[in-house]
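For reference, the chains in residue letters:
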Amino acid sequence: MADTIIHLLLALLMPPLLLGVIGKTKAAFAGRVGAPYLQPYFDLARLFRKGSVFSPTTTWIFRAGPVVTLAATAAAALMIPFGNHPAPISFAGDAVLFAYLFALGRFFTTLAALDTGSSFEGMGAAREVTFSCLAEPTLFFALVTLARLTGSLSLTGMLTGLPAAVWLGAGASMILLLCGMFIVLLSENCRIPFDDPNTHLELTMIHEVMVLDHSGPAFGLILYGAALKLFVLGAFFVDIALPFGASNPALEWPLFVFSMLVLAILIGMVESVMARLRLVRIPQLLVAATVLTAFSMLLILR
Amino acid sequence: MTGFGPDEFPLAIALIGCATALLALSGIPGLFLRHRPGWGQNFAAAATVVAALAGLSSAVSLLLFPDPSSWLLDWNLPFGDCEVAVDALSALFLIPVFLVSACAAVYAIGYHPAREHRDTEPGMTFFTGILAAAMVLLLMARNGVLFIMAWEAMALSAWFLLTTDRGKPEVQRAGTVYLFATHIGTMALFVLFAVLRTETGTFGFPGIRALASTGPATAIFLLALFGFGAKAGLMPLHTWLPAAHANAPSHVSALLSGVMLKMGIYGIVRVAFLFQAPPAWWDILLVVMGAMTAVLGIAFATSQRDLKRMLACSSIENIGIITLGLGLGMAGIRRGNTTLALLGVAGAFLHVLNHSLFKPLLFLGSGALIHATGTREIDRMGGLAKRMPTTALLFLVGSAAICGLPPLNGFVGEFLIYLGIFSDARGAAAPWPALLAPVLALVGGIAAIGFVKLYGIAFLGNPRSPEAATGHEAGKAMLLPMALLAILCCVVGVVPQPIIRLVEPAASSLMPWPPAPGGAIATLPSIGWLSVASGGLLALAALIALLFRRRLAAAPSAVAPTWGCGYLAPSPRVQYTGTSFSELLVNLFEGAVRPDRTPPILSGLAAGASRFRFAPTETILDRLLFPAFSVAAGVFAFIHRLQHGQMHIYMLYIFVTLFLLMIWAH
């Protein structure tokens, strides 16, 4: 019970902090002071107090977009284990539901973008669905590999049941898998080199251009949902990367929080040292990620 | 679920028989009541609904309380006994036939009213009834000859239906291609039943896994895959399908796509599971064909500009998923993996039922769109969600369901298949099925592109044409069947246990091991949890929506035009079109889709107005079959002289042939 409460509190409160850490890291690399760590929380609080502007073109789908996306991401957050603690909801096959919940969110985000009738948002929506459709097979190759290695069909079993022996026995496979998943983590969360979450009006972007017309609380929901998605997929990555649990169950929560913060710094470093890719290169990198995870599966199937 | 006890089973079969007769006769009064438009149509709709209620309750009761009894009819023909029976497999496929034909009949009252279509309506109503009755008969037939008769009645009445608008050249072309495809398939079935007869000695159907897979087993399987696969739309036999489904009236497309394709699947199941120990390459062939059909089908669908052509191509994708599930099931049986076998087949069957819920829903919805805008081109619609709010909501349910998104029914079917794949990947010695999980995921991703495009461009944004700007909501007779199907999609998604109970008897009847007591799948913890998670998701969304509304109400809100990035003269033409939406994907699948692009020609410093043309092509039909046929036509020109339209010489041919045959026989 205590685990479930900590899980919920972490999922509810921690996601914006990751954005703050990423921002601070990038500022440090650029030699600036940067916004405070808690800036994303202030932004969210301000957005939720603001009024809204709605285009007369839009329908209820425009309002439903952020709501459904956040609900789907939150449901996914209930199925992913944090660190070595089991998730509140776990059953055989929940990995499939996990993947499809993100698809549900994407379906509504892109529909909301098309609802505005803006050509820019249509463009962003088209890129979002196409690139994520290329990222989907990577995730499933990774899930199959994990199911094979751990003998479990649920995310909790796959990620908490990943003993150090698996790393020692199938290290090459795990490294390939991690590389593939890191690419997916960056592309699904619209980070550099795939997309730049800080520019709001350029035609080379994906996610931000889709939410141009959202304002006030709706934009707050989107921002929070994006942070939550980064948190959930980040937890997935950290769970694979760090199978070594602390000896004391109570110590595992701080360990998890710490490794999530390290991941945020890592993302910030990648964003600082890389430029955004040209649009035509993105599919190539995503296919490369798929091939990496496919190899990781082949290595353990032989 | 129904009031029949286990002792009264002949009653259930008799009810299905009566329902068949009622369906077959439903269009006849309309043929004689041409001076009173509407009477025949209303009668037919009422009769179809009554038949559907009787048929559905019988099929459901036969699934829940299986009964092996069969009837022998005396037909005095030299083809053996005329046997009809309903086993679990037939009963399962009966459900879509009855459900969709009732929805289509009611929808027709609003969509194709007799008052406005006095010349075509009676024929259409008549052949709709014949089509439905033929499909029921086909599912009940246990004699090859009776089966072929029902098969031909189905194929031909479908041809009459899809060529309702005979005046249009594209309808004529679609009808001709259909007729060729269906008869080439039927020819394979003639050979199939002939070979089966030499093997078993009768035209009667052997039971499930009654034959040894030696001798002509391979020939039988390949013939079935060709003959039935052509009807189901398996690639590369799908060439007739997109044009035929696009050009038929919408409720007919719903019947063809939602139900008739499944008859091909039924045939494949009947024949593929006839044999005791099929070789490994059978299931691998099924899986590979299924995966290829699914990926390419949805890639074709996404590149389409025509609303109904896109839905038709997406049916090919769904047939691919079903075939993939069947192949996995066969592989599971061969390898002795009970979980993979049961989940694969049950997932395929559940997808059969699911597809017969959301595909008719989408076709009926597209009929409402066409009614409102007078065009099938997605890029000429737009903004219809405001003018047709109910249709828009129902269509949204259908689109999300067909993409396999939770918490709708499409997800449950795919979930079962995934569960089978994962459980095999976990421990099997040669887990090649594991490769299919990413394939299914890719298919789901591409489906999302296609249906976001379809829905977003047609219903959202600003109207792209004057017709779309003045579109009107569909009438009650059209909305009612759509609402029924949409509600079923939602209910099955959140509470899948009852429908899994219906699917399970059919799936376990194909298994070589005894069925698990109490239903193995419906009681799986995963299914219960899936239900909980779906309900939880809905509750979560409702909670967030409530908080969001309160926040919106607490602060002022303004109305302003969509932010155009500083562009001062926006018009609806500036909006992203469906063609541009799917362009990235079409580029990735350039090799298979091969659209016909005519780029604008710009010349000079101040180039004038210019046009870009994009037309998806039927790759196999246009680049392979038509050229091959024209070569064949040249080569066989001399045979053409035998055909000249003079009846007495034709009769002479018949006489001479018979005479020669008699001499040869003696």
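Cut-offs and rules
- Residues numbered from 1 in each chain as written.
- Chains lettered and ligands numbered in written order.
- Predicted model: local features only at pLDDT ≥ 70, side-chain atom pairs only at ≥ 80, totals over all residues.
- Heavy atoms only, no water.
- Helix = DSSP H or I, 4+ residues; strand = E, 2+ residues; numbered from the N terminus.
- Rg over C-alpha atoms; globule rule 2.2 N^0.38 Å.
- Contact = heavy atoms within 4.5 Å.
- Areas by Shrake-Rupley, 256 points an atom, 1.4 Å probe, with all protein chains shown as cover.
- Lys, Arg positive; Asp, Glu negative; His and termini not counted.
- Charge placed at Lys NZ, Arg CZ, Asp CG, Glu CD.
- Buried < 20%, exposed > 50% of the residue type's maximum accessible area, 1.4 Å probe, protein only.
- Salt bridge = Lys/Arg side-chain N within 4 Å of Asp/Glu carboxyl O.
- Buried area = accessible area lost by both parts, 1.4 Å probe.
- Polar contact = N/O pair within 3.5 Å; in protein donor to acceptor, adjacent residues only side chain to side chain.
- Phe/Tyr/Trp six-rings, centres within 6.5 Å; stacked < 30°, edge-to-face > 60°.
- Axes fitted to C-alpha atoms, helices over the stretch in contact; angles between N-to-C directions.
- Parallel < 35°, antiparallel > 145°, perpendicular 65-115°, else oblique.
- Nonpolar A, V, L, I, M, F, W, Y, C, P; charged D, E, K, R; others polar.

Focus: the overall build of chain A
(1) Moving on: Within chain A, the regular secondary structure consists of 13 helices and one strand.
(2) Moving on: Reading the helices (α) and strands (β) of chain A from amino to carboxyl end gives α-α-α-β-α-α-α-α-α-α-α-α-α-α.
(3) Moving on: Taking 302 residues into account, the globule formula puts the C-alpha radius of gyration at 19 Å, and chain A, at 19 Å, falls close to it.
(4) Moving on: When its C-alpha atoms are laid out on the principal axes, chain A stretches across 55 × 40 × 40 Å.
(5) Moving on: For chain A, long-range pairs separated by at least 24 residues make up 78% of all intrachain contacts whose partners lie at least 6 apart in sequence.
(6) Moving on: For chain A, the exposed surface amounts to about 10300 Å²; the carbon and sulfur share of it is 72%.
(7) Moving on: Positive and negative side-chain charges in chain A, numbering 16 and 16 respectively, have mean positions lying 6 Å apart.

Re the overall build of chain B
(1) Moving on: Secondary structure assignment for chain B yields 26 helices and five strands.
(2) Moving on: In terms of overall size, chain B behaves like a compact globule, its C-alpha atoms giving a radius of gyration of 26 Å where 666 residues would be expected to give roughly 26 Å.
(3) Moving on: Per-residue burial for chain B yields a buried fraction of 57% across its 666 residues.
(4) Moving on: Partitioning the contacts of chain B with sequence separation of at least 6, the portion at a separation of at least 24 is 80%.
(5) Moving on: Summed over all atoms, the accessible surface of chain B reaches about 25800 Å², with 69% contributed by carbon and sulfur.
(6) Moving on: Within chain B, one finds 38 positive and 29 negative side-chain charges whose respective centroids are separated by 9 Å.

Things to note about the pattern of salt bridges
Residue and element names in this part refer to chain B.
(1) Moving on: In this structure the tally under the stated criterion is 16 salt bridges over all chains.
(2) Moving on: Residue Arg-376 pairs with Asp-306 through a salt bridge whose shortest N-O separation is 2.8 Å. Of this pair, Arg-376 sits in the loop between α13 (338-373) and α14 (384-387) while Asp-306 sits in the loop between α11 (280-303) and α12 (307-335); the two residues are 70 residues apart in sequence, bridging distant segments of the chain.
(3) Moving on: Given a relative accessible area of 23%, Arg-376 falls into the partly exposed group.
(4) Moving on: Among the salt bridges present, the one from Glu-467 reaches Arg-380, with a minimum N-O distance of 3.5 Å. Of the two residues, Glu-467 sits in helix α18 (residues 466-469) while Arg-380 sits in the loop between α13 and α14, which places them 87 residues apart along the sequence.

Quick notes on the interface of chain A and chain B
(1) Moving on: In this assembly, 73 residues from chain A lie in contact with 70 residues from chain B.
(2) Moving on: Across the chain A/chain B interface, buried area totals approximately 6200 Å², and carbon plus sulfur atoms make up 79% of it.
(3) Moving on: Per-residue buried area on chain A facing chain B is highest for Tyr-100, Phe-107 and Arg-148 of chain A; these three make up 11% of the total on that side.
(4) Moving on: Here chain A and chain B share zero salt bridges between them.
(5) Moving on: Run the count over chain A and chain B and you get 14 residue pairs in polar contact (both at pLDDT 80 or more).

Describing the packing of aromatic side chains
(1) Moving on: All chains considered together, the criterion is met by 39 aromatic pairs over all chains.
(2) Moving on: Measuring from centroid to centroid gives 6.5 Å for Phe-91 of chain A and Phe-415 of chain B, while their planes differ by 55°, and the two rings are tilted. Of this pair, Phe-91 of chain A sits in the loop between α4 (60-77) and α5 (94-115) while Phe-415 of chain B sits in helix α16 (residues 409-427), placing the two residues on different chains.
(3) Moving on: Each member of the aromatic cluster is reached from another via a ring pair, and the members are Phe-91, Tyr-100 and Phe-140 of chain A together with Phe-411, Phe-415, Tyr-418 and Trp-529 of chain B.

With respect to the packing of helix α4 (residues 88-111) of chain B against α13 of chain B
Residue and element names in this part refer to chain B.
(1) Moving on: Remark: α4 packs on α13, axes separated minimally by 10 Å, with the N-to-C direction vectors making an angle of 10°. Relative to α13, α4 is oriented roughly parallel. Counted together, Leu-89, Leu-92, Phe-93, Ile-95, Pro-96, Leu-99, Val-100, Tyr-107, Gly-110 and Tyr-111 of α4 and Phe-349, Val-352, Leu-353, Ser-356, Leu-357, Pro-360, Leu-364, Gly-367, Ala-368 and His-371 of α13 form the full contact between these two elements.
(2) Moving on: Tallied by class, the residues present in the contact of α4 with α13 amount to 16 nonpolar, four polar and no charged.

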